[in-house]
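# A look at the structure
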Amino acid sequence: MDSFIFLEWLLQRFDRSDPGPAYRRLYQLICRAILDNHVAAGMRLPSSRELAAELGIARNTVLQVYEQLSEEGYVRAGVGRGTYVQDISQDLVEPLSPPQDEAGRLEVRREDVRILSARGQVLVSNLGFSNLQSGAFMPGIPDVREFPLKVWSRIQNRLWRTEPWDLMRYAPAGGYGPVRQAISDYLSSVRAVRSTAHQVIMTTGIHQGIDVAVRLLCEPGDTVWIEEPAYWGIRNLLTVSGLHLVPIRVDDEGILPDGAQYAQPPRLIVVAPSHQYPLGMVMSLTRRRMLLDYARQVSCWIIEDDYDSEFRYGTRPLSSLQGMDESGRVLYAGSFSKMLYPGLRVGFLVVPENLADTFANAVAELYREGNMMNQAVLAEFIREGHLAQHIRRVRRRYAERRLCLIEKIAEHFGQDLEIIGDDAGLHLVLALPDGVDDNLVVRDAFQQGVVARALSNYYLERAHARPGLLLGYAGATLAEIRPAFDTLARVIGAYL
Ligand SMILES: Cc1ncc(COP(=O)(O)O)c(C=O)c1O
């Protein structure tokens, strides 16, 4: 259907005698048309002036409808360049990775999806979350069995015995003071982050940090650059926030925008410079300088996602991007999900000094934070040196597991399959030959009891997607890795 036929389609269905608000009826009609695939992605909607005149309603009403559709991700509005249908129909019919039950996700029935708001529909149609959170080769998962329970509980018991009533109340804006100080000191010595405790805003993790940053700094419809490929969790969060995502390709040195992309400055850039996810490269110094300089020139924000830079095997990490930033454009998002355990839900944002109070107040206002007992235990845990000790210990453990997996890959495939991004982190990527459907490999492996994630699902533009498998090794022992890889190798072998 083209724009002209769509106008006819709307005219036939828009009931002028209906007493309900014209705004609601028009909005629902266009949503329906997009969700039911009556209109194709990329189609230009009739101009607001034309549509208002044809329907006999105010132009402002049409503009409001278009604005809401744009906020919710149905359409993309280019200033003075018309309004275009976004490609969301594909998201609705194609799950992100293997059939949802196989990836351990909750099943979402189509009938239930349809009763949700448009934003809700976009969210549940793109689920990447999995209920499977352990075992070979679930990526992104540390080994929680290595966590020093005794040390943690000793500190916690000590604190409970002090009748810590203040720790049991809602948290003050920004979080528990001593943990903000401990994190600021830790980041300064380990990651060369430049901050005061005041700039450290406690969150429940990187997800929440990015959520609040987007709410405070971006308008719906703003452009955000994300790396291609990127972590689905943050990609989905940005999509549901109504942002226009522009995937930027990465090479060995990290993010590499082309001339046309530079010419259209985004509002926000989200990168993982210390350890690109999922491909694992470190952003070079040249690219870091380039990105910072560009952000300064066009006044956009950069979120530095530093989710697991503690785990490097051999090479030392470059310091943070935030530490090189002279113009206050970088927000540094960190987390204890990988360093300690994901269920802790303690993370932080380091924001420029002039934004610190705003961010602290916004987090308190939006989420009514608490969790101060964990923050207080963490402060002591860091101060007493247990964090550094724990990281050193698990890093050695994960290094053994990484080596074991690399050896198993060589045993089965020699040099035939490329290993990508194995210098750091909790997973590596096993590239598969072009033409292999990595989702089918993942499905078959799952049926044999082995979990992996398909690399192609981490790309926003499927046309550029490379097939491969993300294999997490940190959460599984050597005794678990060996037989699991033998099974996986048999599955892969059937596709080569
Ligand atoms: C690249 C990346 N960023 C952020 C996160 C999530 O961080 P958090 O648990 O702190 O919300 C993950 C989790 O896997 C990740 O892979």
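All values derive from a computational prediction rather than experimental measurement.

### Re the pattern of salt bridges
- Per the counting criterion, the structure on display carries 22 salt bridges.
- Across the salt bridge formed by Glu326 and Arg194, the nearest N and O atoms sit 3.5 Å from each other. Placement of the pair is Glu326 in the loop between β8 (301–305) and β9 (330–335) and Arg194 in the loop between α9 (177–191) and β3 (200–203), with a sequence separation of 132 residues.
- Residue classification places Glu326 among the exposed residues on the basis of a relative accessible area of 68%.

### Focus: the site of the ligand
- Around the ligand, the structure places Gly205, Ile206, His207, Tyr231, Ile234, Tyr277, Asp305, Tyr307, Ser335, Ser337, Lys338 and Arg345.
- One of the side-chain nitrogen or oxygen atoms of Arg345 is found 2.9 Å away from an oxygen atom of the ligand.
- Protein coverage of the free-state accessible area of the ligand, which is 400 Å², stands at 92%.
- Taken together, the residues of the shell around the ligand sort by class into five nonpolar, four polar and three charged.

### A look at the sheet that holds strand β5 (residues 244–251)
- With mixed pairing, the eight strands of this open sheet are ordered in space as β3-β10-β9-β8-β7-β4-β5-β6. Unpaired on one side and paired on the other, β3 and β6 (254–255) mark the two borders of the sheet.
- Sheet strands in contact with helix α10 (residues 206–217) are β3, β7 (268–271), β8, β9 and β10 (347–350), and its direction is about 155° off that of β9.

### Topic: the packing of helix α17 (residues 438–447) against helix α18 (residues 478–493)
- Relative orientation of the contacting elements α17 and α18 amounts to 140°, with a least axis distance of 9 Å. Considered as vectors, α17 and α18 are oriented oblique to each other. Crossing of α17 over α18 shows right-handed handedness. Residues Val441, Asp444 and Ala445 of α17 form the contact with α18, whose participating residues are Leu488, Val491 and Ile492.

### Let's talk about the packing of helix α1 (residues 3–13) against helix α2 (residues 22–35)
- Where α1 contacts α2, the two axes come as close as 11 Å, and the packing angle between them is 130°. By the angle between their directions, the pair α1 and α2 is classed as oblique. Crossing hand, α1 versus α2: right-handed. Of the residues in α2, those touching α1 at Phe6, Trp9, Leu10 and Arg13 are Leu29, Ile30 and Ala33.
- Tallied by class, residues from the contact of α1 with α2 come to six nonpolar, no polar and one charged.

### Quick notes on the packing of aromatic side chains
- For the structure on display, the rule yields 18 aromatic pairs.
- Relative to Trp9, the ring of Phe6 lies with its centre 5.8 Å away and its plane at 25°, an arrangement referred to as stacked. In this pair, Phe6 and Trp9 are both assigned in helix α1, three residues apart and thus about one turn of the helix distant. Take Phe6 and Trp9: they sit in the same class, and that class is buried.
- Between Phe147 and Tyr341 the ring centres are 4.9 Å apart and the planes differ by 70°, which places this aromatic pair in the edge-to-face class. Separated by 194 residues along the polypeptide, Phe147 in the loop between α7 (118–124) and α8 (149–161) and Tyr341 in the loop between β9 and β10 bring together distant segments of the chain.
- We classify Tyr341 as partly exposed; its relative accessible area is 23%.
- Members of the aromatic cluster, each reached through a chain of ring pairs, are Tyr231, Trp232, Tyr277, Tyr307 and Tyr458.
- For the cation-ring pair, Arg25 lies above Phe14, with the distance from its terminal atom to the ring centre recorded as 4.8 Å.

### Re the domain arrangement of the chain
- Partitioning the chain into structural domains gives domain 1 (3–87), domain 2 (92–124) and domain 3 (148–386).
- Residue-level contacts link six residues of domain 1 with six residues of domain 2.
- Both faces considered, domain 1 and domain 2 share a buried interface measuring about 500 Å² in area, 55% of it formed by carbon and sulfur atoms.
- Looking only at domain 1, the three residues that lose the most surface to domain 2 are Leu35, Glu72 and Tyr74, adding up to 72% of its buried area.
- In this structure, the connection of domain 1 to domain 2 is made through zero salt bridges.
- Scanning the region where domain 1 abuts domain 2 turns up zero residue pairs in polar contact (both at pLDDT 80 or more).
- Of the residues assigned to the side of domain 1 that touches domain 2, the class counts are three nonpolar, no polar and three charged.

### Let's talk about the nonpolar core
- Of all hydrophobic cores here, the largest spans 68 residues; its most connected members are Phe137, Phe336, Leu340, Leu471 and Phe485.
- Per element, the largest residue contribution to this core is nine residues, and it comes from helix α16 (residues 386–413).
- Contact partners of Phe137, with chain neighbours within four places excluded, come to Leu405, Val450, Val451, Ala452, Leu470, Leu471, Gly472, Ile481, Ala484, Phe485 and Leu488.
- The next biggest cluster of nonpolar side chains, apart from the first, holds 43 residues, and it includes Ile201, Ile226, Val250 and Leu349.

### Remarks on the pairing of strand β12 (residues 427–431)
- Most of β12 sits out of view: five of its five residues are buried.
- Along β12, one buried face is formed by His427, Val429 and Ala431 and the opposite face, lined by Leu428 and Leu430, is buried too.
- Sheet analysis places strand β11 (residues 419–420) next to β12, joined by two bridges and oriented antiparallel. Looking across to β12, one finds that Ile419 is bridged to Leu430.
- Here β12 pairs with strand β14 (residues 468–472) via five bridges, running antiparallel. Bridge assignment links His427 to a residue of β14, and that residue is Gly472.

Conventions adopted
Residues numbered from 1 in each chain as written. Predicted model: local features only at pLDDT ≥ 70, side-chain atom pairs only at ≥ 80, totals over all residues. Heavy atoms only, no water. Salt bridge = Lys/Arg side-chain N within 4 Å of Asp/Glu carboxyl O. Helix = DSSP H or I, 4+ residues; strand = E, 2+ residues; numbered from the N terminus. Buried < 20%, exposed > 50% of the residue type's maximum accessible area, 1.4 Å probe, protein only. Near = heavy atom within 4 Å. Polar contact = N/O pair within 3.5 Å; in protein donor to acceptor, adjacent residues only side chain to side chain. Areas by Shrake-Rupley, 256 points an atom, 1.4 Å probe, with all protein chains shown as cover. Nonpolar A, V, L, I, M, F, W, Y, C, P; charged D, E, K, R; others polar. Pairing = 2+ DSSP bridges. Contact = heavy atoms within 4.5 Å. Axes fitted to C-alpha atoms, helices over the stretch in contact; angles between N-to-C directions. Parallel < 35°, antiparallel > 145°, perpendicular 65-115°, else oblique. Left-handed = near helix turned anticlockwise from the far one by under 90°. Phe/Tyr/Trp six-rings, centres within 6.5 Å; stacked < 30°, edge-to-face > 60°. Lys NZ or Arg CZ within 6 Å of the ring centre and 35° of its normal. Domains from an automatic or database assignment. Buried area = accessible area lost by both parts, 1.4 Å probe. Core = buried A, V, L, I, M, F, W, Y, C linked by side-chain atoms within 4.5 Å.

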